[in-house]
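If you want the building blocks of each chain, they are given just below.
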Amino acid sequence: VWASALAAVLVARNYLSRTAHFESFPHELVLIPLAVALSFRWAQLAASADVGLEWSDAQQYKEIALTFNPLHPFATAFREPITIWVPYVAMKLLGPYNMHLRLPSLLFSLGIVWATYHLSYQISQNKKIAWLAALLTSFNDLLVYNSVLGGRNDLYTLLVLVFCWALMTLPAEEGRS
């Protein structure tokens, strides 16, 4: 797994040494940190395949989602509705297994890498800084570990990043500073 991170850095370094400046640094290179993130998270998902959910909030999400009635979308006990809707849809599409409950969390974690790149670029207007921010996010131990818990942390982190990015890309109104 660390080899994939090293390979990503070497590929980017090789590419950057051939370009004259970072203006020609394509946004598509964010696919490298995304590939690194996927390899780390997939390895973590495989390692947690036999680990039960009993020690985490995901077990409660699963129990509520299994009895969830879409005719009453806000009857989710004391849990936030979106944290029940996501496992409900995942289990309806894939089946009621722990692995399928963890998969949306992994996908949201990949979204965090993508959103980090775009938010960092929006703030710095520097593709190199945005790429490095995405790469560091891709192998952040806490994010990799959380990505397979099946909890709500990745979803909320992604929503916050996308919300901040959306606010920064709104057109400025007159009189607004």
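Residues numbered from 1 in each chain as written. Predicted model: local features only at pLDDT ≥ 70, side-chain atom pairs only at ≥ 80, totals over all residues. Heavy atoms only, no water.

*Asks:* It is not clear to me how the packing of helix 4 (residues 81-94) against helix 5 (residues 98-124) should be interpreted in this structure. Could you clarify?
*Replies:* Helix-helix packing is described using two parameters, namely the angle between the two axes and the distance between the axes. Contact geometry of helix 4 with helix 5 gives a least axis separation of 8 Å together with a crossing angle of 120°. By the angle between their directions, the pair helix 4 and helix 5 is classed as oblique. Considering how the two elements wind past one another, helix 4 and helix 5 form a crossing that is right-handed. Between helix 4, through Val-86, Pro-87, Ala-90, Met-91 and Leu-94, and helix 5, the contact on the second element is made entirely by His-100, Leu-101, Leu-103, Pro-104 and Phe-108. Looking at side-chain class alone, the contact of helix 4 with helix 5 contains nine nonpolar, one polar and no charged residues. (Axes fitted to C-alpha atoms, helices over the stretch in contact; angles between N-to-C directions. Helix = DSSP H or I, 4+ residues; strand = E, 2+ residues; numbered from the N terminus. Parallel < 35°, antiparallel > 145°, perpendicular 65-115°, else oblique. Left-handed = near helix turned anticlockwise from the far one by under 90°. Contact = heavy atoms within 4.5 Å. Nonpolar A, V, L, I, M, F, W, Y, C, P; charged D, E, K, R; others polar.)

*Asks:* It is not clear to me how helix 3 (residues 57-66) should be interpreted in this structure. Could you clarify?
*Replies:* Owing to its 3.6 residues per turn, the α-helix aligns residues three or four sequence positions apart on the same side. Along helix 3, the residues that are buried comprise Ala-58, Gln-59, Tyr-61, Lys-62, Ile-64 and Ala-65. Packing partners of the buried residues in helix 3 comprise helix 4 and helix 5. (Buried < 20%, exposed > 50% of the residue type's maximum accessible area, 1.4 Å probe, protein only.)

*Asks:* For this particular structure, what's the right way to read the pattern of salt bridges?
*Replies:* It is possible for side chains bearing opposite charge to pair when their charged atoms get close. Within the structure shown, the criterion is met by two salt bridges. In this structure, Arg-79 and Asp-57 form a salt bridge, with 3.4 Å as the shortest nitrogen-oxygen distance. A residue pair is termed long-range when its members are at least 10 positions apart, and Arg-79 in the loop between helix 3 and helix 4 and Asp-57 in helix 3 qualify at 22 residues. By relative accessible area, Arg-79 is classed as buried at 10%. Notably, a salt bridge pairs Arg-152 with Glu-80, separated by 3.4 Å at the nearest N-O pair. Here Arg-152, found in the loop between helix 7 (141-146) and helix 8 (153-169), pairs with Glu-80, found in the loop between helix 3 and helix 4; they are 72 residues apart in sequence, far enough to count as distant. Arg-152 gets classed as partly exposed once you look at its relative accessible area, which sits at 25%. Overall, the relative accessible area of 30% leaves Glu-80 in the partly exposed class. (Salt bridge = Lys/Arg side-chain N within 4 Å of Asp/Glu carboxyl O.)

Worth remembering: the numbers are spatial, not functional.
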